[in-house]
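So the chains spell out like this:
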Amino acid sequence: TSQPRRYMAGPTTRAQTSWAVYRATSLSEIWAIVAGHLGLVGAWRLMLVCRAACAGAKEFLSTLPGLVVCGGETEDDEVVSDVWRLDPATMRWNTMPALITARFGHVCCAVLGAFVVLGGDTSTSGPDITSSVEILSKGQGAFVASPPLSCGGIMEAAVGVVEESDSAAGQVLILGGWTEITEQCRRCTWWILPLAYVHPNQTSSMHAIGLR
């Protein structure tokens, strides 16, 4: 009777190893994973390695949210409404739709995919602290005015966003700041995103709870 033939893998040659390494490192998907582990600075350094690494790094960087700067006060004491976004993939600042009301000392955050601007001072000649709220929804070409803060005008506060997994309503916590009568505020205020401004088919309310 004939014995079954046994197949044994031969030793991997240097050429085969080099080919496998070349194939793996030529895939931008591999470099995108590497970039994700290295972070923003490391991803930019990868762009100098090779074309595949550059493409993979850009693929990862394009998934980052970007940095947004809005409003403020110039050296000439002019209050501006400009909005700029830093693209991590190109490290270039791109203009975004301007604020409806120029302001400084405001707070801003991202809630449920929308960019929200709250409060601030609208004048450098004297305190003009506002309670206005503006929302820029994803894919929209302009800010929309939302109902004002029920706690009144506030500026130079701190803001925290409740995790979406813990709040489908889009809750924002406003801490401290200065009030309309230029008094330092020790109050914590809950602000709830009006979902109708983000999702037209849904509605929600906005209210404040004062905590001492």
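Bear in mind the structure is a predicted one, so any value in this text is a computation, not a measurement.

Colleague: How would you summarise a negative patch on the surface if you had to cite specific residues and measurements?
Modeller: A grouping of Glu73, Glu75, Asp76, Asp77, Glu78 and Asp82 is seen on the molecular surface, where their side chains present a negatively charged patch. The residue Glu78 is located in the loop between β1 (67-70) and β2 (83-87) in this model.

Colleague: Break down the packing of aromatic side chains for me, citing the residues and quoting the values.
Modeller: In this structure the tally under the stated criterion is one aromatic pair. Centre to centre, the rings of Phe115 and Phe143 are 6.2 Å apart; their planes meet at 65 degrees, and the pair counts as edge-to-face. Remark: Phe143 occurs in the loop between β6 (133-136) and β7 (144-146) and Phe115 occurs in strand β5 (residues 114-118); sequence separation between them is 28 residues.

Colleague: Could you give an account of a nonpolar patch on the surface, naming the residues involved and the relevant values?
Modeller: A contiguous nonpolar patch, built from Leu67, Val69, Trp84 and Trp93 and spanning about 380 Å² of accessible area, is present on the exposed surface. Position of Trp84 relative to the elements: it lies in strand β2. Overall, Trp84 belongs to the partly exposed group, its relative accessible area being 35%.

Colleague: Which residues make up helix α2 (residues 28-46), and what are the values?
Modeller: Relative to the 27 Å expected for 19 residues at 1.5 Å per residue, α2 spans just 11 Å between its end C-alpha atoms, considerably shorter than the ideal helical length. Taken residue by residue, α2 has Trp31, Ala32, Ala35, Gly39, Gly42, Ala43 and Leu46 as its buried positions.

Criteria and cut-off values
- Residues numbered from 1 in each chain as written.
- Predicted model: local features only at pLDDT ≥ 70, side-chain atom pairs only at ≥ 80, totals over all residues.
- Heavy atoms only, no water.
- Patch = residues over 30% accessible without salt bridge, like charges linked within 9 Å, V, L, I, M, F, W, Y side chains within 5 Å.
- Areas by Shrake-Rupley, 256 points an atom, 1.4 Å probe, with all protein chains shown as cover.
- Salt bridge = Lys/Arg side-chain N within 4 Å of Asp/Glu carboxyl O.
- Lys, Arg positive; Asp, Glu negative; His and termini not counted.
- Charge placed at Lys NZ, Arg CZ, Asp CG, Glu CD.
- Helix = DSSP H or I, 4+ residues; strand = E, 2+ residues; numbered from the N terminus.
- Phe/Tyr/Trp six-rings, centres within 6.5 Å; stacked < 30°, edge-to-face > 60°.
- Buried < 20%, exposed > 50% of the residue type's maximum accessible area, 1.4 Å probe, protein only.
- Expected span 1.5 Å × (residues − 1).

What is shown is where atoms sit, not what they do.
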